[in-house]
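Structural description and commentary
Chain by chain, the residues run as shown.
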There are 2 protein chains.
Amino acid sequence: MITQRSVAAFLDELASGAPTPGGGSAAAIIGAMGAALLSMVCNVTLGKKSLEAAESDMKAVRDESERLRARLTAMVAEDIAAFDGLMAAYRLPKSNDEEKLRRAEAIQANLRAATETPLDCARACAQVVALARRAAEKGFAGVVSDAGVGVLAANSALRSAALNVYINAPALKDRSFATAATAEIDTLLDRSARESEAVFELVRSRLG
Amino acid sequence: MITQRSVAAFLDELASGAPTPGGGSAAAIIGAMGAALLSMVCNVTLGKKSLEAAESDMKAVRDESERLRARLTAMVAEDIAAFDGLMAAYRLPKSNDEEKLRRAEAIQANLRAATETPLDCARACAQVVALARRAAEKGFAGVVSDAGVGVLAANSALRSAALNVYINAPALKDRSFATAATAEIDTLLDRSARESEAVFELVRSRLG
């Protein structure tokens, strides 16, 4: 599992000319970092006697951010599998009509997976962005900047995942799926851009 | 060294209530991922016979992105040391005037380091953002989205580092240093926001 490798080794592999890990894997990890930072804000706040009023909020946010962190961490391997599957489909033989047909079908099936995987990543990142406001509003002031870093990470991961939807959707023959996927991504991008900027400004105002 | 720990273990530590690693460390790693993705675009492009014309550009970008990746990776430990130093200064005894004076001096020295460290991180991230255009323009079309993910990562890391400058600068007694640091951060934020959006749009247009 690639997330069992060291941070330094992951960065080396990301920098190499090997096809994976690439931007999709980086997006999933950056999204997971965003979720982890929201959990951190909750964990620190839950340790403060003076902030007992925030307890139920912080527990609810942490349950959700930990679920999203696990989901986004698992997506690193899913992104690599989707990319490898697509590359394998393109390498299938095409020396006669039957092979050509089989190759075209395999490409379509794998393109769909390679569109669904970043779409799932974008959905999870959008949920991290949506969750950040409560952490930024009710979290201990000493870690409010971490909520800010969390929302920036999640929103940039969402935009990164969106690029992978935009790459693969145009080649899909199932136009209704492709159109629905890009429309959903456009909506997520738009909403999360507004939400994340609002949280960033809230964090800046709380820094005084 | 924290970057020798696994990605999964780093995420666990980030999510925990322990004071470090926090947003500053996450920002340095996200910036390093941005630099690594630019290196990847160069490495893939350098392997393409049809893109020989881009060779000198890709080598120059890669030299710079690899230097920035090493610098940003090293900053994870520097961020932790700066944070720990500041926390240790706040914990110094203050039972008499001499102790109070020594504590106040230690806090100021450590606040300065805790402002300079994220400022250095922001400078390095701004350089990654500035470098991304050449990777996005001249890199192999099949990895242009990775240049897009790289520039988004670097810009969100810059904004994250900026939050840590904004936290620490107000408490600095050396007002001329504090004012210069926040003015520099404001300039970097403004310029990189424009540059990174332009590169993101370039990438989207190259995706077709």
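One can find the structure itself at the top, above this paragraph.
Below you will find a few notes about this structure.

Comments concerning the overall build of chain A
- Of regular secondary structure, chain A possesses 6 helices and 0 strands.
- Listed N to C, the secondary structure of chain A is α-α-α-α-α-α in terms of helices and strands.
- Here the C-alpha coordinates of chain A stretch approximately 75 × 35 × 25 Å along the principal axes.
- Each of the 208 residues in chain A was classed as buried or not, and the buried ones make up 54%.
- For chain A, restricting intrachain contacts to residue pairs at least 6 apart in sequence, the fraction spanning at least 24 positions comes to 77%.
- For chain A, the computed accessible surface area is about 8500 Å², with 53% contributed by carbon and sulfur atoms.
- Here chain A contributes 25 positive and 26 negative side-chain charges, whose respective centroids are spaced 2 Å apart.

Focus: the interface of chain B and chain A
- Taken residue by residue, the interface counts 50 residues in chain B and 50 residues in chain A.
- Interface area, chain B with chain A, both sides summed: about 4300 Å², of which 70% is carbon and sulfur.
- Counting across the chain B and chain A interface gives 4 salt bridges.
- Between Arg159 of chain B and Glu197 of chain A there is a salt bridge, with the nearest N and O atoms lying 2.8 Å from each other.
- Viewed at the interface, chain A and chain B are joined by 21 residue pairs in polar contact (both at pLDDT 80 or more).
- Counting only elements with at least two residues in the side of chain B that touches chain A, the list comes to α1 (7-15), α2 (23-46), α3 (55-90), α5 (144-168) and α6 (175-207) of chain B.
- Per-element accounting of the side of chain B that touches chain A gives the leading share, 13 residues, to α5 of chain B.

Side note on helix α1 (residues 7-15) of chain A
- By the burial criterion, the buried members of α1 of chain A are Val7, Ala8, Phe10, Leu11, Leu14 and Ala15 of chain A. For α1 of chain A, the arc enclosing every buried residue in end-on projection is 160°, short of the 170-degree limit, so these residues lie on one face.
- Turning to α1 of chain A, the residues buried within the fold contact α2 (23-46) of chain A together with α1, α2 and α3 of chain B.

Things to note about the relation of the copies chain B and chain A
- If you rotate chain B by 180° and push it 0.0 Å along the axis, it lands on chain A with an RMSD of 0.0 Å. Here the copies are linked by what is in effect a two-fold axis. Ranked by how close their C-alpha atoms come to the rotation axis, the residues of chain B are headed by Ser6 of chain B, at 1.9 Å.
- Most of the interface of chain B is mirrored in chain A, where 100% of its interface residues are also at the interface.

Let's talk about the packing of α2 of chain A against helix α4 (residues 97-138) of chain A
Residues and elements named next belong to chain A.
- Interaxial distance between α2 and α4 falls to 10 Å at its minimum, and their mutual angle equals 25°. The orientation of α2 with respect to α4, classified from their angle, is roughly parallel. Crossing of α2 over α4 shows left-handed handedness. Between α2 and α4, the contacting residues are Ala27, Ala28, Gly31, Gly34, Ala35, Leu38, Val41 and Thr45 on the first element and Cys121, Cys125, Val128, Leu131, Ala132, Ala135 and Lys138 on the second.
- Residue composition of the contact of α2 with α4, by class: 11 nonpolar, 3 polar and 1 charged.

What to know about the pattern of salt bridges
Residue and element names in this part refer to chain B.
- A complete count under the given rule lists 34 salt bridges over all chains for this structure.
- Here Asp57 ties to Lys138 by a salt bridge, and the two come within 2.7 Å at their closest N and O atoms. In this pair, Asp57 sits in helix α3 while Lys138 sits in helix α4 (residues 97-138), placing the two residues 81 residues apart along the sequence.
- When its relative accessible area of 37% is taken as the criterion, Lys138 is described as partly exposed.

Focus on the packing of aromatic side chains
- Counted according to the given criterion, the structure contains 0 aromatic pairs over all chains.
- The side chain of Arg159 of chain A reaches across the aromatic face of Phe200 of chain B, ending 4.2 Å from its centre.
- One Lys or Arg, Arg204 of chain A, reaches over the ring of Tyr166 of chain B and ends 3.9 Å from the middle of that ring.

Conventions used here
Residues numbered from 1 in each chain as written. Chains lettered and ligands numbered in written order. Predicted model: local features only at pLDDT ≥ 70, side-chain atom pairs only at ≥ 80, totals over all residues. Heavy atoms only, no water. Helix = DSSP H or I, 4+ residues; strand = E, 2+ residues; numbered from the N terminus. Buried < 20%, exposed > 50% of the residue type's maximum accessible area, 1.4 Å probe, protein only. Contact = heavy atoms within 4.5 Å. Areas by Shrake-Rupley, 256 points an atom, 1.4 Å probe, with all protein chains shown as cover. Lys, Arg positive; Asp, Glu negative; His and termini not counted. Charge placed at Lys NZ, Arg CZ, Asp CG, Glu CD. Buried area = accessible area lost by both parts, 1.4 Å probe. Salt bridge = Lys/Arg side-chain N within 4 Å of Asp/Glu carboxyl O. Polar contact = N/O pair within 3.5 Å; in protein donor to acceptor, adjacent residues only side chain to side chain. Arc of directions from axis to C-beta. Least-squares fit on C-alpha atoms with pLDDT ≥ 70 in both. Axes fitted to C-alpha atoms, helices over the stretch in contact; angles between N-to-C directions. Parallel < 35°, antiparallel > 145°, perpendicular 65-115°, else oblique. Left-handed = near helix turned anticlockwise from the far one by under 90°. Nonpolar A, V, L, I, M, F, W, Y, C, P; charged D, E, K, R; others polar. Phe/Tyr/Trp six-rings, centres within 6.5 Å; stacked < 30°, edge-to-face > 60°. Lys NZ or Arg CZ within 6 Å of the ring centre and 35° of its normal.

These figures capture arrangement, not role.
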